[in-house]
Amino acid sequence: MPDVQLPELKKLDVAFNNLSGSIPNLKLPKLEGLDFSANQLTGSIPAFETLTSLRELSLFSNQLTSEIPALKSPNLNRVYLSDNQLSGPIPAFVGKLEHFYADRNQFNFSSLES
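No experiment lies behind these values; they were computed from the predicted model shown.

Some thoughts on the overall build of the chain
Helices and strands together make up the secondary structure of the chain, namely 0 helices and 10 strands. Put simply, the chain runs from its N terminus to its C terminus through helices and strands in the order β-β-β-β-β-β-β-β-β-β. Relative to its full complement of 114 residues, the chain shows a buried share of 43%. Taking all contacts inside the chain whose residues are at least 6 apart in sequence as the whole, residues at least 24 apart take part in 13%. Carbon together with sulfur atoms contributes 48% to the accessible area of the chain, which is approximately 6200 Å² in total.

Quick look at the structure:
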């Protein structure tokens, strides 16, 4: 996918579209909801540093690998990462979320970051 620039967009839902490749670099300052679920995306999860309004991130049912980055959006309260190939420790920011789903991955839950 090419870099996406839609400055007024608040919700981007492209779930169940058979998308492949890596998650694109998004420049969407007002985006509150991002859903790339149930595609065939590979690679790592970006830190989404430019998505400062993001509240909900849904990336379940892809083929994402590596560790979860430190997602620093101040409004983020729901993260759905189930059914990928993620591994490593669970980052500390997870403790501030209302919802965190990460079943069917390869996490080491005994090493929560503090």
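A word on the sheet that holds strand S8 (residues 85-88)
Read across the sheet, 5 strands follow the order S2-S4-S6-S8-S10 without closing on themselves; strand pairing throughout is parallel. In the strand order of this sheet, the two ends are held by strand S2 (20-21) and strand S10 (106-107), each with one partner. Pairing analysis gives 2 bridges linking S8 to S10, with the strands arranged parallel. Residue Gly-88 lies in a different strand from S10, and its bridge partner there is Phe-107.

Rules behind the numbers
- Residues numbered from 1 in each chain as written.
- Predicted model: local features only at pLDDT ≥ 70, side-chain atom pairs only at ≥ 80, totals over all residues.
- Heavy atoms only, no water.
- Helix = DSSP H or I, 4+ residues; strand = E, 2+ residues; numbered from the N terminus.
- Buried < 20%, exposed > 50% of the residue type's maximum accessible area, 1.4 Å probe, protein only.
- Contact = heavy atoms within 4.5 Å.
- Areas by Shrake-Rupley, 256 points an atom, 1.4 Å probe, with all protein chains shown as cover.
- Pairing = 2+ DSSP bridges.

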